[in-house]
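# Results of the structural survey
The residues making up each chain are set out below.
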Amino acid sequence: MHLYLPIAEVSVNAPLLVALGAVVGFISGLFGIGGGFLMTPVLVLMGIPPVVAVASEANHVAASSVSSVIAYSRKRVVDFRMGAVLASGGVVGAVIGVEVFRWLRLIGQADLAVSLSYLVFLGVIGGLMLTESLGAILRRRRGEPPKPRRERRPLLLYALPLKLKFPRSRLYISVIPPILLGVFVGILSAIMGVGGGFILVPAMVYLLRMPAKVVVGTSLFQIVITTGLTSVLQAGRNQTVDIVLATLLLIGGVVGAQLGARASGRFRAEELRALLALLVLLVGLRMGLGLFVTPSDPFVLMTGAGG
Amino acid sequence: MIVAAPPPPAPAAVSAALTETQVRVTSGFRGARIVLYGAVFDPADRPSDVVVIVRGPEQPIRIARKSRVAGLWLNGRPVVFRGAPGFYMAASTRPLGEIAGFGPLRRLGAGLDHLAIAAPLEQRVETRYGVRDMVVSRLGADYLDWRRAVVRLKTEAGLYAADSAGVRFVDKNLFRAQISLPAEAPIGRYEARIILFQDGKPVSIRDRDLVVEKAGLERTLYLFAKQRPWTYGLVSVIVALGAGWAASAAFRRS
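So, here is what we can say about the structure in this document. (Residues numbered from 1 in each chain as written. Chains lettered and ligands numbered in written order. Predicted model: local features only at pLDDT ≥ 70, side-chain atom pairs only at ≥ 80, totals over all residues. Heavy atoms only, no water.)

### A word on the sheet that holds strand β13 (residues 174–181) of chain B
Residue and element names in this part refer to chain B. If you trace the four strands from one edge of the open sheet to the other, you get β1-β3-β13-β12, paired in antiparallel fashion. Across the chains shown, the open sheet's two edge strands, defined by having one partner strand only, are β1 (13–18) and β12 (168–171). Within the sheet, the average angular offset between the axes of one strand and its neighbour, ignoring direction, is 30°. (Pairing = 2+ DSSP bridges. Helix = DSSP H or I, 4+ residues; strand = E, 2+ residues; numbered from the N terminus. Axes fitted to C-alpha atoms, helices over the stretch in contact; angles between N-to-C directions.)

See below:
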């Protein structure tokens, strides 16, 4: 069954999009990420103009994330205060990122920026997470005790002013590092068309040293705020949100996210991280591949950017 | 008594009509086929050729060339072609080159080779060889490569087409052509130009309008997004958050 999308102005296979939304929603609920890093490339591959894909995808991410945030908050593993601090930085970053992206499009290097950020960030983060989690799995298999966590957090977290208590995370740290982290993730979100969970989750674990169990819910909570806002901004400024496309994706997405959040209890944390790392690494390499493979046609039409 | 000289033969004329003048793009839209019928009126029955040119609304084209820099394939600076139609089709009874010469075809913009597209941003006026106000293309000798690339990529997308047998005479003086609009065809006003050629010259031209417009729910949503963008954005976010909440509520009960 085909549907013509009013904003994207292309005809798409509706059941396929619902199924796609469900798969990405499941992954989103399972790993506590938005899933944008998976969905955006797939939508572009299906012929949806990149500008519309990025904007409508933000809407879908907001829907599936809210669905899993509610599930996580019932288990009381969402640090709302930390989420709000991260999101305040994320909002500033998103505004900067939108301007940077507009400039990149103007000079025709948006494609390069997108491919490179996917390759670099997904590649590095995926690689690091994979090594770390495989190490943890191996140690457990050999019956060794888990590597003792370094309890001493980076001094910078404490040395900076504006300290705030985060009871859920059992932290008493300066708000400056989380805000800066939020800004950085916000910029990347606008450029890559993602929620930024794949950066937030490891950053919260390794940089802020938050307890692992609150990380996923908190990341999703901040994603809901930033993607919700991005959606409104994109619709208001660029008129690129396709509500039909977003609805198709989120019908599957919210259901998938619920199933994913349920399934997450059945896996060990390090196994989940290893799986996520593998996925992140694959998408990063796939997106970066285009930079190395000789194109079949040296010319490219810049659709959706020529306006 | 003076015998009147035979009057010069009446000029030939062409006439045509589209089976549809309005294409409604609704949620089920997957492209459209429009048939054009026409007739040639020529008392002298001279050999006639018919060319049908359909142009969609203008859409500037941005195109870039990839080149290899330090092992990576990167986009060069994009070039903008102005005046390019978002949809273009040239159908004729015979290959255009056999129907008329370069001049008339170029003037009428008939055929993909004669499509009037230019990249004005890539031109500048300067003094060269002592001649003032010379238009110089920054693309230089590559210009044809770029032009061909635009036509090739648009043709692959189904938006540009040339069919040297697309106009068929189905009966004496009655001809037929078919316009295939893909789902990606731009929304807007199209113009179908029917040209009658005799002896290499255009002798009669008819223009017919075709409108492709969104209808029904597609139109309502599109206008909502364009006219009240902020409300539209808020509604879409509320739908998203509501759907997320509803799903989690439903799953809690089950």
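### Concerning the nonpolar core
Soluble globular proteins: nonpolar side chains tend toward being buried together. Ranked by internal contacts, the top residues of the largest apolar core, which has 58 residues, are Leu36, Val52, Ile63 and Leu181 of chain B. The element best represented in this core is strand β14 (residues 188–198) of chain B, accounting for six residues. Setting aside residues up to four positions removed in sequence, isoleucine 63 of chain B forms contacts with Phe299, Val300, Leu301 and Met302 of chain A together with Arg77, Pro78, Val79, Phe81, Trp146, Ala149, Val150 and Leu153 of chain B. Leu130, Leu171, Val185 and Ala263 of chain A belong to the second largest nonpolar core, which has 46 residues in total. (Core = buried A, V, L, I, M, F, W, Y, C linked by side-chain atoms within 4.5 Å. Buried < 20%, exposed > 50% of the residue type's maximum accessible area, 1.4 Å probe, protein only. Contact = heavy atoms within 4.5 Å.)

### Concerning the interface of chain B and chain A
Opposite the 55 residues of chain B that make contact, chain A presents 57 residues. Summed over both sides, the interface between chain B and chain A buries roughly 4,800 Å², with carbon and sulfur atoms accounting for 65% of that surface. Along the contact surface separating chain B from chain A lie two salt bridges. In this structure, glutamate 9 of chain A and lysine 214 of chain B form a salt bridge, with 2.7 Å as the shortest nitrogen-oxygen distance. Viewed at the interface, chain A and chain B are joined by 10 residue pairs in polar contact (both at pLDDT 80 or more). Counting residues per element, the ones that place at least two in the side of chain B that touches chain A are β5 (61–69), β6 (72–75), α3 (143–156), α4 (216–227) and α5 (229–253) of chain B. (Buried area = accessible area lost by both parts, 1.4 Å probe. Salt bridge = Lys/Arg side-chain N within 4 Å of Asp/Glu carboxyl O. Polar contact = N/O pair within 3.5 Å; in protein donor to acceptor, adjacent residues only side chain to side chain.)

### Considerations on the environment of arginine 102 of chain A
All names here are of chain A. Along the chain, the position of arginine 102 falls in helix α4 (residues 80–106). Arginine 102 gets classed as partly exposed once you look at its relative accessible area, which sits at 34%. Residues contacting arginine 102, with those up to four places away along its chain left out, are Arg237 and Asn238.

### With respect to the side chain of arginine 147 of chain B
Residues and elements named next belong to chain B. Position of arginine 147 among the secondary structure elements: in helix α3. Look at arginine 147: it is buried, it has no salt bridge, and the nearest opposite charge is aspartate 113 at 6.0 Å. Setting aside residues up to four positions removed in sequence, arginine 147 forms contacts with Phe81, Leu112, Asp113, His114, Leu115 and Ile117. (Lys, Arg positive; Asp, Glu negative; His and termini not counted.)

### Considering empty space enclosed by the protein
All names here are of chain A. Counted under the stated rule, the structure contains two cavities of 30 Å³ or more. Of the pockets and cavities examined, the largest cavity occupies roughly 100 Å³. Along the walls of the largest cavity sit 13 residues, with Ala58, Ser189, Val194, Thr227 and Thr230 positioned nearest its centre. Residue assignment for the lining of the largest cavity shows that the elements contributing at least two residues are α3 (50–74), α7 (176–192) and α9 (212–238). Residue composition of the lining of the largest cavity, by class: five nonpolar, seven polar and one charged. Empty space within the second largest cavity amounts to approximately 30 Å³. In terms of lining, the second largest cavity is formed by Ile33, Gly34, Gly35, Gly36, Phe37, Val194, Gly195, Gly196, Gly197 and Phe198. Going through the elements one at a time, α2 (36–45) and α8 (197–206) are the ones with two or more residues in the lining of the second largest cavity. Its residues assigned to classes, the lining of the second largest cavity comprises four nonpolar, six polar and no charged. (1 Å grid on protein atoms, 1.4 Å probe; cavity = no way out; pocket = protein on both sides within 12 Å on 5 of 7 lines; lining within 4 Å. Points joined across faces, edges and corners; volume = space filled by probe spheres on them. Nonpolar A, V, L, I, M, F, W, Y, C, P; charged D, E, K, R; others polar.)

### As for the packing of aromatic side chains
Residue and element names in this part refer to chain A. Here the structure, examined in full by the defined rule, presents eight aromatic pairs over all chains. Aromatic pair phenylalanine 80 and phenylalanine 221: ring centres 4.8 Å apart, planes at 85°, arrangement edge-to-face. Separated by 141 residues along the polypeptide, phenylalanine 80 in helix α4 and phenylalanine 221 in helix α9 bring together distant segments of the chain. Taking the relative accessible area as the measure of exposure, phenylalanine 221 reaches 17% and is therefore buried. (Phe/Tyr/Trp six-rings, centres within 6.5 Å; stacked < 30°, edge-to-face > 60°.)

### Structural notes on the sheet that holds strand β8 (residues 88–92) of chain B
Residue and element names in this part refer to chain B. If you trace the six strands from one edge of the open sheet to the other, you get β2-β15-β14-β4-β8-β11, paired in mixed fashion. The open sheet has two edge strands with one neighbour each: β2 (22–25) and β11 (160–163). For this sheet, the mean angle separating the axes of adjacent strands, direction not counted, is 15°. Relative to β14, strand β4 (residues 49–55) runs antiparallel, the two being bridged by seven bridges. Of the residues in β14, the one forming a bridge with valine 51 is isoleucine 195.

### A short note on the pattern of salt bridges
One pass over the full model with this rule turns up 11 salt bridges over all chains. Residue glutamate 271 of chain A pairs with arginine 140 of chain A through a salt bridge whose shortest N-O separation is 3.4 Å. Of this pair, glutamate 271 of chain A sits in helix α11 (residues 269–292) while arginine 140 of chain A sits in helix α5 (residues 110–141); the two residues are 131 residues apart in sequence, bridging distant segments of the chain. Residue arginine 140 of chain A is classed as partly exposed on the basis of its relative accessible area, which comes to 28%. Among the ionic pairs, arginine 148 of chain B bridges to aspartate 145 of chain B, the shortest N-O distance being 3.4 Å. Within this pair, arginine 148 of chain B and its partner aspartate 145 of chain B are both found in helix α3, separated by three residues, close to a single helical turn. Assessed through its relative accessible area of 32%, aspartate 145 of chain B is described here as partly exposed.

### Section: α9 of chain A
Residues and elements named next belong to chain A. Taking 1.5 Å per residue, 27 residues should reach 39 Å; α9 reaches 38 Å between its end C-alpha atoms and fits that length. The buried fraction of α9 amounts to 19 of the 27 residues, a majority that puts the element mostly inside the structure. Residue glutamine 239 follows α9 closely and has a positive phi angle near 50°. (Expected span 1.5 Å × (residues − 1).)

### Focus on the pairing of β8 of chain B
In summary, the side chains of a regular strand alternate between the two faces of the sheet. Residues and elements named next belong to chain B. Summarising burial for β8: five of the five residues are buried, a large majority. Residues Tyr88, Ala90 and Ser92 of β8 are buried on one face, and the alternating residues Met89 and Ala91, pointing to the opposite face, are buried as well. Pairing of β4 with β8 involves five bridges; the strand directions are antiparallel. Bridge pairing links isoleucine 53 to alanine 90 in β8. As paired elements, β8 and β11 share four bridges and run parallel to each other.

### With respect to the pairing of β1 of chain B
Residue and element names in this part refer to chain B. Only one face of β1 is buried: it carries Val14, Ala16 and Leu18, and the other face, with Ala13, Ser15 and Ala17, is open. As paired strands, β1 and strand β3 (residues 32–41) are joined by six bridges and run antiparallel to one another. When the bridges of β3 are listed, leucine 18 appears paired with leucine 36.

### Considerations on the side chain of serine 115 of chain A
Residues and elements named next belong to chain A. Residue placement: serine 115 occurs in helix α5. Judged by its relative accessible area of 15%, serine 115 falls in the buried class. Residues contacting serine 115, with those up to four places away along its chain left out, are Met287, Gly288 and Leu291.

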